[in-house]
Amino acid sequence: MSPVLILIFLPLLGAACIGLIPGMKAAAARTLSLAIHFVMAAIALSLFVQYDGAAADANGVRFAQVIEWVPALGIQFYIGLDSLNVALVLMSCVVCFAAICCSESVKERPKTYYVLISFMTAGVVGAFASFDVFSFYFFHELALVPTFILIGGWGSGPQRRYATYKITLYLTGGALLALAGIIALYLQSGAETFNFFAILAALKESPLSESTQNWIFPLLLFGFGILVSLWPFHTWAPLGYGHAPTGVAMIHAGALKKFGLYGLLRIAIPALPLGSDTWTMTMLWLCLGNLILVGFAAMRQKQLHMLIGFSSVAHMGFVFMGLAAYNHIGVTGALLVMVAHGFLAALGFGVAGSLRNYHPDLDMTKMGGLLRQAPYLGFALAIAFFAGCGVPGFANFAGELLIFFGAWTDVPVWMVVLGLWSGLVIGGVYMLRAFRNVLHGPVAEKWNGLHDVSGMPRIAFNILIVALVFFGVFPGAITDKTRDSIDSLVRQVEEARPADASSTAVANASEIPAIVSAQPR
């Protein structure tokens, strides 16, 4: 049995066992859930360390498991790890474990809560580990449906129900739009299978006409884009995360939201290179909306959880810029930012959740002096602010640096400069303002009785901080593993595009070590 299969079915088995626990024994349900998610994180770390592209099959896949699901439609249960998803699976398992660690405040219907969280975890890991488009979509929905229930049932805040309806409508609409694009791609490819590699091979042999690609690609771009909170379809995200239970916000913002980006990277752009060419400028304009307009919106926020939510949306603009460039350095940077943002979002929402127990409205203008009252919580929040600013030494800086280097040759320079300005200036302003208001100044009255975080939440924050620093100091731990898959995808796109539309200075994989060497070691 593939260890990846264990990663998917272990939380489902855990959900069944939690359901059998008699009564409302919160401690037993929490302990079992913690144990299962810890084992998952340990297995994912082991697989990440073990992964070696040289030992993979012809498609670059290791630990594969293939089961015929619906043979008549060419649907397979095809899971495994390749150099493109191995880091995302590790990040997802770590974030899900951290989310369980930070869910100790859940007292109402704890069994149901942990069962639903387990379904979310199985869906997140299954989506990233799938090499069948239908399974890929199925697992995303498996994770998405519990999200709506958890926000409505365990969320907080005066607009909880409105946030639930909004996130449900937006994400359901985006998922249906992406499904329409996936079905259209399947029908037009002639591959008679939903297998990623078979579809790409069929389209390489018989590419779709430019007109066909031009109407399928926007279905995937806007469908996946809504799921990622691409501007102007982003308003569900800050509101939804702000009213979600802490663990749910950590998993969705940290891991599940990367599904749309992964879909564009893995399926949409490689399968529809001419369509992506046509829509590249649209993608760039919208990503500037994330970077600049959402950044300005973040500057106006007074509540900590809303600031973190808008900041999370703004950071997605960097990834879209890397995907728009779609050269080796840009795509590598996009993948690195996806992983780094997962750890960062989980850390930010985890700390905010710990503070919400003492300061329910999280009004930053009334939250001064946290570093004196709770030094560790203040330290963890400071790390989240610094990583969000792209300070060197954190994984976010390494990813954003690669994106800007990659975009410089294939994106209009003025757009790259605007993106760089937004990250340095706009991001710096709202992060440092929050740093001043929350961590420094007179100790707020509402902090009376605040005890510094300890126990499992502290362990979770330590793990997330170590991950951000480790991949920031050693980004090659990810970039060296992703080289083969990214090189294959980028080469296929470059070969399919007309010569005059291709980059005149395609960034080569061999250039990456020289760039990431700018990181402190």
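For the structure, see preceding data.
An account of the accompanying structure is given in this report. Please read these numbers as outputs of a predicted model, since none were measured by experiment.

1. Re the pairing of strand 1 (residues 62–70)
Of the strand pairs in this sheet, strand 1 and strand 2 (residues 75–81) are connected by six bridges, and their pairing is antiparallel. Of the residues in strand 2, the one forming a bridge with Ile67 is Phe77. Hairpin remark: strand 1 followed by strand 2, antiparallel, with four residues in the connecting loop; positive phi at Gly74, about 75 degrees.

2. Some remarks on the packing of helix 12 (residues 273–299) against helix 13 (residues 304–325)
Where helix 12 meets helix 13, the closest approach of the two axes is 8 Å, and the angle between their N-to-C directions is 155 degrees. Judged on the interaxial angle alone, helix 13 and helix 12 are roughly antiparallel. The chirality of how helix 12 crosses helix 13 is left-handed. For the pair helix 12 and helix 13, contact is made by Thr280, Met283, Leu284, Cys287, Leu288, Asn290, Leu291, Val294, Gly295, Ala297 and Ala298 and by Leu307, Phe310, Ser311, Val313, Ala314, Met316, Gly317, Phe318, Phe320, Met321 and Ala324, respectively.

3. Focus on the packing of aromatic side chains
Think of a pair of aromatic rings as described by two things: how far the centres are apart, and how the planes are tilted against each other in angle. Taken as a whole, this structure holds 33 aromatic pairs when the rule is applied. Residues Phe138 and Phe139 carry aromatic rings whose centres are separated by 5.5 Å and whose planes lie at 70 degrees to one another, so their mutual orientation is edge-to-face. For Phe139, a relative accessible area of 4% gives the class buried. Feature note: the residues Tyr78, Phe128, Phe131, Phe136, Phe196, Phe197, Phe224, Phe259 and Tyr262 constitute an aromatic cluster, connected by ring pairs. In this arrangement the basic side chain of Arg109 is found over the ring face of Trp154, its NZ or CZ atom lying 4.5 Å from the centre. Between the NZ or CZ atom of Arg458 and the centre of the ring of Tyr376, over which it lies, the distance is 4.1 Å.

Procedures and definitions
- Residues numbered from 1 in each chain as written.
- Predicted model: local features only at pLDDT ≥ 70, side-chain atom pairs only at ≥ 80, totals over all residues.
- Heavy atoms only, no water.
- Pairing = 2+ DSSP bridges.
- Helix = DSSP H or I, 4+ residues; strand = E, 2+ residues; numbered from the N terminus.
- Axes fitted to C-alpha atoms, helices over the stretch in contact; angles between N-to-C directions.
- Parallel < 35°, antiparallel > 145°, perpendicular 65-115°, else oblique.
- Left-handed = near helix turned anticlockwise from the far one by under 90°.
- Contact = heavy atoms within 4.5 Å.
- Phe/Tyr/Trp six-rings, centres within 6.5 Å; stacked < 30°, edge-to-face > 60°.
- Buried < 20%, exposed > 50% of the residue type's maximum accessible area, 1.4 Å probe, protein only.
- Lys NZ or Arg CZ within 6 Å of the ring centre and 35° of its normal.

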